[in-house]
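Take a look at the letters that make up each chain.
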Amino acid sequence: MTSAGTRTEAQTPLEQGMESLMAALCAQFEVEAAMLVTGQGHVVVHAPSAISASLRAQAPLFCQLTHDVQDIRQVEDTLLDPVCAALFPAQATPHIRFFAAAHLKDANGDCLGWLFLINTEPRSLSQLQQSSLLAMASMASQWLTMAIENQALAASSARWKFALDGAGHGVWDWDLNSNRVAFSTQWKTMLGYADDEIGDEGDEWISRVHPSDIADLRAQFDAVKAGEAQSLICEYRMLTKSAEWCWILSKGMVMTGNDSEGPRRMIGTNTDITARKQTERLIWQQANYDALTGLPNKHLLNQLLSERIHGDHGANNMVALMIVDLDNFKDVNDALGHIYGDMLLMEAASRIQSAVLPVDIVAREGGDEFIIVTTTASLAELEKTAANVLRVLSQSYELLSEVVFCAASIGIALYPQHTLSPNVLMKYADQALYLAKSKARGQYAFYSQELEQIALKRSKLTTELRFAVEEQAFEVFYQPIFRLDNRVTVKAEALVRWKHPERGYISPAEFIPLAESTGLINAIGDWVFKEAAAFAKALRDSYVPDFQISVNKSPIQFLTVGKLDWAAFLTSLGLPGKAISVEITEGLLLQQSQEVNARIKKIRDTGMSISLDDFGTGYSSLSYLSSYEIDYLKIDRSFITNLTTSTKNQALCKAIITMAHELGYQVIAEGIETEQQLNLLAELGCDLGQGYFISRPLPQHDFVSWLASSLSTLQLAEAAG
């Protein structure tokens, strides 16, 4: 038998078929050599002439290593394989580092031979490639069986390369001199054609290539014809019979050596990679576009903004970046749920696009913020655009059965007037947005130097917060929680306040977001926990033995690990876990993650209970609640405010209470401000309540006095009864 680089004047059909198969295997799997050893001792090698003789000499050794292989075996590195390292002589040339073997069997399972892929560098075959090799070996076995039975096969009807069809690859054999190509059945099938619908002219291939891709493919073919390249790898689109474009990966290599006229023949495979290309496109789409609105996301926006700034936008024009923020989106989202919130965002995106020019860029920054990038010649024109955007966004939104209003605010920064940097432009627009929202809703504002001073003040407050954490310049207030049936105070919620040396007490609404964004939240949260735990012990020792204090844990704090081990600290105080209840927001439960579930379980395993705060403001459902073990459910104050005048709120509260009790939870009502609200909640079966009607949050010493007075009043009432 012949090997690559060695030509004879005449080859039998069997020899031609074997040589074609070896060449196709090398091209498909991108290995240096391929070898077939038949049970009759025939050896066929396709390899560079410098190593083919050595491989033929080592054929018995390969067979020895694979005689017991049932289907396939691969050795990724012979130097690391104890058997191969001992058998392959180190001084041999070439030194084989990788080989894969597939067993060829007839219909009865008897051995016909072996098929080998060989490389002088380590490598491995993927699972998909192994499956492909097995498929080729199976088809080759069938062909070899027929060849043995008939002693010969006509080269025109039974070329070895067509065995690759069984693995889903279309095979081609191109005579570069005559420009005639033998196409396999699979090659035609993947384009939707029958065997007799495509001839053997090279134009049958080239004419179907997409106009945008033809130049690259022709360039590679021309390089092969000119002897400048020995192989071809190209991805391009081809037109199918159904007039659709499919993506093709072509791999080919020169099969016969060069003569004075250059290469004479190429053989290779075509693979349909349309599915892969669609997946790549989907991944790109997901990486660059917002899934909800279909607008460019922040990643793509950065690229588009840079291109717009550095592009040709006219000598007298300016590029404006506008950040659009939906003012009361959170209220709508909390009141109606995320489904309505998503619908509102999609409608807002559509309205913004309708209010600007088609050439303007509209992107979604995230949450309820959108970005507009526009090129304008005057401030008057820009103000008109901003006013138009505010106008369309201020109109009512019809969301299923609900009608809501959601105005917007806009912050504007200009290139090159304000900055030459895209990143700074974004920062300045954000500062302008802060100004617009602070003045009044439904306004727009331009960046100015004064805004930089405001930003510096926020930065200063952040620095002061860091010092406050170091100096523990905080105070914990406590708001009583009592049972509605007997009005006995059994719990309290710990609420932190920042004692600023100049501004006095600063609300958590102002500094907690700063603490979360700067990573200080865990230190503050741990300090509050220690204060609350020590206070709980004092109250249990002196007033109420079963008293419990609730401590809030923000989502960021809950999902990160602080330095303090809460359970160990309780143990050091001699305090049982049930003295503390950890309050979390229902937004955490929406994730339905194993991590959240594991952290909740870990807290409850210590004896501490879990309270679900602000229930009803998000998109809670029984499926979320039933997935987690919680102890208390707190009805948000928005349901309590109009409880006595709204039958809808009464029905909702009753439904929440009934559902919670069925799930084994106790219910706490927040925001009780009147006697009537308290009595109505008690009638509905609510277990506990808190609010200004009972007491405002109190400093520690005032809370002790309030609790002592409350207990004395209750004792007197019981004695009088």
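As a starting point, this report considers the structure included with it.

**Side note on the overall build of the chain**
In terms of helices and strands, the chain carries 25 helices and 27 strands. The 721 residues of the chain split such that 48% are buried. Long-range pairs, those at least 24 residues apart, make up 62% of the contacts in the chain between residues at least 6 apart in sequence. Element-wise, carbon and sulfur atoms account for 51% of the exposed surface of the chain, whose accessible area totals about 33800 Å².

**Considering the environment of Leu 301**
You can see Leu 301 is positioned in helix H10 (residues 298-310). Residue class for Leu 301 comes out buried when judged on its relative accessible area of 0%. Sequence separation between Leu 301 and Glu 365 is 64 residues, and the spatial gap between their C-alpha atoms is 8.5 Å. Not counting residues up to four positions away in its chain, the partners in contact with Leu 301 are Ile 361, Ala 363, Glu 365, Ile 371, Val 373 and Met 426.

**Here's the deal with the sheet that holds strand E6 (residues 170-175)**
Backbone-to-backbone hydrogen bonds join strands into a sheet, with any given pair of strands oriented parallel or antiparallel. The strand order E7-E6-E10-E9-E8 describes an open sheet built from five strands, whose pairing is antiparallel. Lying at the two open borders of the sheet, with one neighbouring strand each, are strand E7 (180-183) and strand E8 (231-239). Adjacent strand axes in the sheet meet at a mean angle of 25 degrees, parallel and antiparallel pairs treated alike. Two strands pair when backbone bridges link them, and E6 and strand E10 (residues 265-272) are joined in this way by six bridges, in the antiparallel orientation. Counted as the bridge partner of Asp 175 is Arg 265 from E10. Where helix H9 (residues 274-288) meets the sheet, it contacts E8, strand E9 (245-254) and E10, and its direction lies at approximately 120 degrees from that of E9.

Reading guide: rules and limits
- Residue indices follow the written sequence of each chain, beginning from 1 at its first position.
- Owing to the predicted nature of the model, reporting of local features is limited to residues with pLDDT of at least 70; listing and counting of side-chain atom pairs is limited to 80 or more, with chain, interface and lining totals taken over all residues.
- As a rule here, side-chain values cover all heavy atoms of the structure and leave hydrogens and water aside.
- Segments assigned H or I by DSSP are reported as helices when at least four residues long, segments assigned E as strands when at least two residues long, and all are numbered from the N terminus.
- Buried means the residue's accessible area, taken with a 1.4 Å probe over protein chains only, is under 20% of the maximum for its type, while exposed means over 50%, and partly exposed covers the values in between.
- Contact definition: two residues touch when any of their heavy atoms are within 4.5 Å.
- Using the Shrake-Rupley algorithm and a 1.4 Å probe, accessible areas are obtained, with residue cover drawn only from the displayed protein chains.
- At least two bridges found by DSSP between two strands is the condition for calling them paired.
- To get an axis, a line is fitted to the C-alpha atoms, and for a helix only the part in contact is used. The angle between two axes follows their N-to-C directions and goes from 0 to 180 degrees.

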